[in-house]
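# A structural walkthrough
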Amino acid sequence: MFRILKSEILKSKRLPILWVGVLTSLVAALLSAQVATANDGTIYDFDLFMCNCIWLNGSLLFPATITLLVGYSIDKERKDGTLKNLLSIPLSYYEIFAGKIIAGFLLSIFLAFCENIFAVLLFFGSDRPGFTWQLELSMLAKMIGMNICTYIAVLPVLAVLAKTPKNLMVGVVFSVFYGFIGVFTTGRNLTSIYPISAGLVIIDHSGINKGNGDMTKSIIVMGIMLALTCIIMIVRTDVERIISDENTKKIRHLRKKTESDDLP
């Protein structure tokens, strides 16, 4: 598994599409800076500035972004024909998918750092009050936590994409709406049970747990998303059965050939 993960990280570094994730992290920070310019009497200190950035990214940008990045990685293996080759090593389909999922978790953390850096730089440029290093580390932890929770929320979408070729953009569009609905569930009774907004409860975004958030429900929802992902991956499609049967035949043929070569 370590070798698979290392390979995924090296391949991700060579993908130009990775810059899309960095760009969306910048856009999230820019949106937060734009909201802070509103003349509504609200004092946008560091805490509120960063909380807006987390909410905007987690609902509007990150669901579609991470679906695109990880989904593209899966789709590229299929288009380049490397997926079939990997399965003949032999590696199981689940090992390959697990490697990509873990790489996706690491990518989510990396993009949280990018989001944090951009947001802090823009905050300093706006000359607003409230910055402390203790609060900054707290916000970084919340950004990482929110990205991970959002990633878990879209894992079933990625599992479906892994099973169904040529549907990457359908999955991305679905994730756009999936995340957008989270804008309307936040701050209401649905906050804890809607997968996208459940992360806000888990990280205690702006003290939301004191209002409509229920930590237990949100954790259960994250568990359901993980379980649903596993169920989707366990069910094999016809294409996977064919590839598996072909690989089994190849392995048996190689074993017979090796045995026959060993005979005097």
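Residues numbered from 1 in each chain as written. Predicted model: local features only at pLDDT ≥ 70, side-chain atom pairs only at ≥ 80, totals over all residues. Heavy atoms only, no water.

## What about the nonpolar core?
Ranked by internal contacts, the top residues of the largest apolar core, which has 35 residues, are Ile-66, Phe-97, Tyr-151, Val-154, Leu-158 and Tyr-178. Sorting elements by how many residues they give to this core places helix 6 (residues 133–163) first, with 10 residues. Setting aside residues no more than four positions away along its own chain, Phe-97 makes contact with Ile-74, Leu-158, Ala-159, Ala-162, Thr-229 and Met-233. Grouped together as the second largest cluster of nonpolar side chains are 22 residues, Tyr-44, Leu-61, Met-139 and Ile-144 included. (Core = buried A, V, L, I, M, F, W, Y, C linked by side-chain atoms within 4.5 Å. Buried < 20%, exposed > 50% of the residue type's maximum accessible area, 1.4 Å probe, protein only. Helix = DSSP H or I, 4+ residues; strand = E, 2+ residues; numbered from the N terminus. Contact = heavy atoms within 4.5 Å.)

## A look at the side chain of Asn-116
Take Asn-116: it is sitting in helix 5 (residues 93–126). Look at Asn-116 and you get buried, because its relative accessible area is 5%. Filtering out sequence-adjacent residues up to four positions away, Asn-116 remains in contact with Met-50, Glu-136, Met-139, Leu-140 and Met-143.

## A word on the state of the cysteines
By definition, a disulfide links two cysteine residues through a covalent bond between their sulfur atoms. Throughout the structure, instances matching the rule amount to zero disulfides. In this model Cys-51 remains outside any disulfide bridge; the closest cysteine sulfur is found in Cys-53, 9.9 Å from its own. The exposure class of Cys-51 is buried, given its relative accessible area of 2%. (Disulfide = S-S within 2.5 Å.)

## Quick word on a nonpolar patch on the surface
Nonpolar side chains collect at one region of the surface, where Leu-23, Val-27, Leu-31, Leu-60, Phe-180 and Phe-184 lie side by side and expose about 510 Å² of accessible area between them. Only helix 2 (18–35) and helix 7 (168–185) provide two or more residues apiece to the nonpolar patch. The biggest single contributor to the nonpolar patch is helix 2, with three residues. Inspection of the secondary structure puts Leu-23 in helix 2. (Patch = residues over 30% accessible without salt bridge, like charges linked within 9 Å, V, L, I, M, F, W, Y side chains within 5 Å. Areas by Shrake-Rupley, 256 points an atom, 1.4 Å probe, with all protein chains shown as cover. Salt bridge = Lys/Arg side-chain N within 4 Å of Asp/Glu carboxyl O.)

## Thoughts on helix 8 (residues 195–202)
Structural remark: α-helix, 3.6 residues per turn; residues separated by three or four positions point the same way. Summarising burial for helix 8: seven of the eight residues are buried, a large majority. When we look at burial in helix 8, the residues that qualify are Pro-195, Ile-196, Ser-197, Ala-198, Gly-199, Leu-200 and Val-201. Asp-204 sits one or two positions beyond helix 8 and adopts a positive phi of about 55°.

## So, the packing of aromatic side chains
In the structure shown here, the tally under the stated rule is 10 aromatic pairs. Ring geometry for Phe-46 versus Phe-123: centroids 4.9 Å apart, planes at 75°, classification edge-to-face. Of this pair, Phe-46 sits in helix 3 (residues 46–80) while Phe-123 sits in helix 5, and the two are 77 residues apart along the sequence. Assessed through its relative accessible area of 0%, Phe-46 is described here as buried. (Phe/Tyr/Trp six-rings, centres within 6.5 Å; stacked < 30°, edge-to-face > 60°.)

## Regarding unusual backbone geometry
With a phi angle near 55°, Asp-204 is a residue other than glycine that sits in the positive phi range. The residue Asp-204 is located in the loop between helix 8 and helix 9 (215–234) in this model. The exposure class of Asp-204 is partly exposed, given its relative accessible area of 26%.

## With respect to the side chain of Thr-24
Counting through the fold element by element, Thr-24 comes out in helix 2. Using a relative accessible area of 15% as the deciding quantity, one classes Thr-24 as buried. When near neighbours in sequence (up to four residues on either side) are disregarded, Thr-24 contacts Asn-57, Leu-61 and Thr-65.

## Overview of the environment of Cys-114
Structurally, Cys-114 is set in helix 5. Ignoring anything within four residues of it in the chain, the contact list for Cys-114 reads Val-22 and Ser-25.

## Some points on the environment of Phe-174
On the secondary structure map, Phe-174 appears in helix 7. For the pair Phe-174 and Val-154, spaced 20 residues apart in sequence, the C-alpha to C-alpha distance is 9.9 Å.

## A closer look at the packing of helix 6 against helix 7
Two elements in contact, helix 6 and helix 7, have axes separated by 10 Å at closest approach and are oriented at 165°. On the basis of the axis angle, helix 6 is roughly antiparallel to helix 7. Here helix 6 and helix 7 pass one another in a crossing that is right-handed. Side by side, helix 6 and helix 7 meet where Ala-153, Val-154, Val-157 and Leu-161 of the first sit next to Leu-168, Gly-171, Phe-174, Ser-175 and Tyr-178 of the second. Of the residues belonging to the contact of helix 6 with helix 7, the class tally is seven nonpolar, two polar and no charged. (Axes fitted to C-alpha atoms, helices over the stretch in contact; angles between N-to-C directions. Parallel < 35°, antiparallel > 145°, perpendicular 65-115°, else oblique. Left-handed = near helix turned anticlockwise from the far one by under 90°. Nonpolar A, V, L, I, M, F, W, Y, C, P; charged D, E, K, R; others polar.)

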